[in-house]
Amino acid sequence: MVKFFFSLFLFSSIIVSQTDTTGKYLFESGLKKYQSGDYAGALNLFDQLVLSINSTQFTTAAWLFSGKSSLELKYYRQASERLRNFLAKFPESKYVFEALNTLGTALYFEGFYDTSATTFLTLFNSAKDKALKLKAKNNFISISENLLSINDLTSFLKNYSKSPAEALIYNEWGKKEINAGQLDSAKARFSYVIVNHYGSDESKDAEQLRSYAFDGALPLPDSPDKYLVAMLPLMEYTRSELPQPVKAILEGIKFAVHTHNMNVTTKVGLLIYDTERSESRINSIMDDLKKTGGIAGIVGPLYSDESIILANLSWKLKIPTITPTATDNSLKGISKFFYRANPDFELRGKGMAQYIYNVENKRNIAVLYSSEGYGSILAESFMLEFKKLGGNIPVYEEYSAAKTNLEEHFQKLNPYMASLDGVYLPVSDSRVTSILISELSKMDFSKSIYGNQDWLLGSAVDKPVDMLNQLILSSDYFIDFYTDNYKIVSRDFYEYTGMIFDRNAAYGFDAANLILSQVTSSSIRSTDIQNLLSSGLKFTGIRTDYSFDYGGANKYLNFLKYVDGVFEQILRLKVE
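**Describing the sheet that holds strand 9 (residues 448-451)**
Here is step 1 of the chain: Read across the open sheet, the 7 strands follow the order 7-6-8-9-10-13-14; overall the sheet is mixed. Of all strands in the sheet, those with a lone pairing partner are strand 7 (396-399) and strand 14 (566-574), marking the two edges. Between one strand axis and the next, the sheet turns through 20° on average, direction left out of account.
Here is step 2 of the chain: Pairing analysis gives 3 bridges linking strand 6 (residues 365-370) to strand 8 (residues 422-424), with the strands arranged parallel. Paired with Ile-365 across the two strands is Gly-422, which belongs to strand 8.
Here is step 3 of the chain: Sitting on the sheet, helix 16 (residues 375-389) touches strand 6, strand 7 and strand 8, and the angle it makes with strand 6 is about 160°.

**Examining helix 20 (residues 503-516)**
Here is step 1 of the chain: The terminal C-alpha atoms of helix 20 lie 19 Å apart, and with 14 residues this matches the ideal 20 Å at 1.5 Å per residue to within 8%.
Here is step 2 of the chain: For helix 20, the N-terminal capping position is held by Asp-502, with its side-chain oxygen 3.1 Å away from the main-chain nitrogen of Asn-504.

**Quick word on unusual backbone geometry**
Among all residues save glycine, negative phi is the norm, and among peptide bonds the norm is trans.
Here is step 1 of the chain: Across the junction of Gly-300 and Pro-301, the peptide omega takes the value -10°, indicating a cis bond.
Here is step 2 of the chain: Relative to the assigned elements, Pro-301 resides in the loop between strand 3 (295-299) and helix 14 (304-317).
Here is step 3 of the chain: Phi is positive for Lys-162, which is not a glycine, with a value near 70°.
Here is step 4 of the chain: For Lys-162, the position within the fold is in the loop between helix 8 (150-160) and helix 9 (164-179).
Here is step 5 of the chain: By relative accessible area, Lys-162 is classed as exposed at 61%.
Here is step 6 of the chain: Non-glycine residue Arg-277 carries a positive phi angle of around 55°.
Here is step 7 of the chain: For Arg-277, the location among the structural elements is in the loop between strand 2 (268-274) and helix 13 (279-290).

**Comments concerning the packing of aromatic side chains**
What characterises a pair of aromatic rings is the spacing of the ring centres plus the angle enclosed by the ring planes.
Here is step 1 of the chain: Tallying each qualifying case throughout the model produces 28 aromatic pairs.
Here is step 2 of the chain: With a centroid separation of 4.9 Å and an interplanar angle of 85°, the aromatic rings of Tyr-34 and Phe-65 are classed as edge-to-face. With a gap of 31 residues between them, Tyr-34 in helix 1 (residues 21-36) and Phe-65 in helix 3 (residues 59-72) connect regions that are remote in the sequence.
Here is step 3 of the chain: With a relative accessible area of 0%, Phe-65 lands in the buried category.
Here is step 4 of the chain: Summarising the aromatic geometry, the rings of Phe-86 and Phe-90 are spaced 5.5 Å apart at their centres and angled 50° between planes, so their arrangement reads as tilted.
Here is step 5 of the chain: Grouped by ring-pair contacts, the aromatic residues Phe-255, Phe-481, Tyr-486, Phe-493, Tyr-496, Phe-501 and Phe-509 constitute a single cluster.
Here is step 6 of the chain: Here the basic side chain of Lys-68 rests over the ring of Phe-65, its NZ or CZ set 5.9 Å away from the ring centre.
Here is step 7 of the chain: Arg-363 extends its terminal NZ or CZ atom over the ring of Tyr-357, reaching a point 3.6 Å from the ring centre.

**Things to note about the packing of helix 15 (residues 345-359) against helix 16**
Here is step 1 of the chain: Orientation of helix 15 relative to helix 16, taken along the N-to-C sense of each, is 40°, at an axis distance of 7 Å. Overall, the two elements helix 15 and helix 16 adopt an arrangement that is oblique. Crossing hand, helix 15 versus helix 16: right-handed. Contacts from Phe-345, Glu-346, Arg-348, Gly-349, Lys-350, Met-352, Ala-353, Gln-354, Ile-356 and Tyr-357 in helix 15 reach Ile-377, Leu-378, Ser-381, Phe-382, Glu-385, Phe-386 and Leu-389 in helix 16.
Here is step 2 of the chain: Class assignment of the residues belonging to the contact of helix 15 with helix 16 gives a composition of 10 nonpolar, 3 polar and 4 charged.

**Brief notes about the pattern of salt bridges**
Here is step 1 of the chain: Throughout the structure, instances matching the rule amount to 28 salt bridges.
Here is step 2 of the chain: Among the ionic pairs, Asp-38 bridges to Lys-33, the shortest N-O distance being 3.5 Å.
Here is step 3 of the chain: A relative accessible area of 31% places Asp-38 in the partly exposed class.
Here is step 4 of the chain: Asp-492 is the partner of Arg-491 in a salt bridge, and the nearest nitrogen-oxygen pair spans 3.0 Å.
Here is step 5 of the chain: Since its relative accessible area comes to 27%, Asp-492 is described here as partly exposed.
Here is step 6 of the chain: Here the salt bridges share partners, and the residues they tie into one network are Lys-137, Glu-202 and Asp-205.

**Some thoughts on the sheet that holds strand 1 (residues 226-232)**
Here is step 1 of the chain: Reading across from one edge, 2-1-3-4-5 is the order of the 5 strands in this open sheet, with parallel pairing throughout. Only two strands of the sheet have a single partner each, and these edge strands are strand 2 and strand 5 (338-340). In this sheet, adjacent strand axes meet at a mean angle of 20° when their direction is disregarded.
Here is step 2 of the chain: Across 2 bridges, the pairing between strand 3 and strand 4 (residues 321-323) is parallel. Across the sheet, Ile-298 pairs through a bridge with Thr-321, a residue of strand 4.
Here is step 3 of the chain: Against the sheet, helix 20 touches strand 1, strand 2, strand 3 and strand 4, its axis set at about 160° to strand 3.

**Quick notes on the environment of Ser-335**
Here is step 1 of the chain: Secondary-structure assignment places Ser-335 in the loop between strand 4 and strand 5.
Here is step 2 of the chain: For the pair Ser-335 and Glu-568, spaced 233 residues apart in the sequence, the C-alpha separation amounts to 36 Å.
Here is step 3 of the chain: Discounting residues that sit within four places of it in the chain, Ser-335 has contacts with Ala-311, Ser-314 and Trp-315.
Here is step 4 of the chain: Side-chain polar atoms of Ser-335 contact the side chain of Ser-314, separated by 3.1 Å.

**Some thoughts on the environment of Lys-316**
Here is step 1 of the chain: Relative to the elements of secondary structure, Lys-316 occurs in helix 14.
Here is step 2 of the chain: Residue Lys-316 is classed as exposed on the basis of its relative accessible area of 52%.
Here is step 3 of the chain: Here the alpha-carbon distance between Lys-316 and Lys-403, two residues 87 residues apart in the chain, equals 47 Å.

Conventions and cut-offs
Residues numbered from 1 in each chain as written. Predicted model: local features only at pLDDT ≥ 70, side-chain atom pairs only at ≥ 80, totals over all residues. Heavy atoms only, no water. Pairing = 2+ DSSP bridges. Helix = DSSP H or I, 4+ residues; strand = E, 2+ residues; numbered from the N terminus. Axes fitted to C-alpha atoms, helices over the stretch in contact; angles between N-to-C directions. Contact = heavy atoms within 4.5 Å. Expected span 1.5 Å × (residues − 1). Polar contact = N/O pair within 3.5 Å; in protein donor to acceptor, adjacent residues only side chain to side chain. Buried < 20%, exposed > 50% of the residue type's maximum accessible area, 1.4 Å probe, protein only. Phe/Tyr/Trp six-rings, centres within 6.5 Å; stacked < 30°, edge-to-face > 60°. Lys NZ or Arg CZ within 6 Å of the ring centre and 35° of its normal. Parallel < 35°, antiparallel > 145°, perpendicular 65-115°, else oblique. Left-handed = near helix turned anticlockwise from the far one by under 90°. Nonpolar A, V, L, I, M, F, W, Y, C, P; charged D, E, K, R; others polar. Salt bridge = Lys/Arg side-chain N within 4 Å of Asp/Glu carboxyl O.

Dropping the structure here:
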């Protein structure tokens, strides 16, 4: 959670005039209510002074406390409006610095993070009081670390060039580059501060930060007992904000570490590396990790090509490694230390067969699948398992997703319609789903329709077609937004990052927690964590449940039914 540092004015410097008894009474009464926590009562009294046509020596202070009372009442927009008006009306007031501090806080809670950050930068530049200046600095750093991108920081430079705030911006820029693995660029940022802001506290900060850039990692708080490593493709970090879903996955990992450290005595530090989708870079990172003790595990990479590289290296270091998203079947069994939080395509097809046969007790299923992508893998795995279980596949058809007319393929179902229990339609291109539904509608198909999660991305499910109520999908995720657990995690994640807790954030959060949940003491070894993950232990996450098979793939699938415009979960099935 972003921490803010507040200050409360002592009004010993206000000279009370005996002739201004009404203003004195209103202000002092309001101040007493404010200090006692009666912010609504205080606001009412301060507003009487603010809105009065007769200005008094208490008017400027009343303006400020009107904004502060609104902030305490969580009237954030009202607070920022009052404080902006105060700054416009009384630019020479001795309360300007306190108004800036309060305005920055109100803007943060409104969700205007960049404007809040620039307000604290302005306060840092202008405040004379050292304590208030330090509060502004700490507030800016908190916002930067949690909520700003490099793009945001560089956009500030045009307004703060050559000012003391410039040093703050450069230091935060460099810290983000360390986290992104851009060590040479980070050193350049810190060197700039050291040369151009020599003698300042920020210059001393830069000297220390530059030493961390040579090590490739920022200092970790609370002398962590263990380390979690995030290895993600952050290549675009220096050019723009991280692309989705990479940023959300990274924030999910960071939030998992934050939550873990808040609730346990065995602290875990986070080391972030940019894989750059490069084999040489991944090899270099692993060489670094050989020199680092206390690593509990690795989360990443995201893509199958780089995951294969890392899987071939993980067994050498004996570090349990979990990719949140890679699904390629070629990852199976490369290393007993390498795990996939997502089921592979063979397991997904197998799981659908087990669901239809064992749960729905259906025996006759047709299969139509695309020849491109992983549609054929899903179909072949399904047919092999369904037949093994005792099911019957009277007809199966392969088609090209490039075709816009699939009528000839669907006509092959006609001779078997009387005995069919349903049709399995795995796709690897969500755009084809609307064509599939259209063809089934022409046939007035009344049996069950089964598919994979790519259907969730297709336009077919956006249309109010009655036939969709026959649709059942398998998916590697299902987030129930109405559970108390999700509501708590979502609220805390938003407070910590300013982002919505979506399925991509859940990928990172769950994968990190699979490792973090096993870090129960500082003496636990990475091989102990690997043994626990391989033991078949069930872990309940936000997006799904987890239990790993002999090849390191998660065995749990979610089955969803389309009901009047929304998907509802039927069950989570452990594929055997």
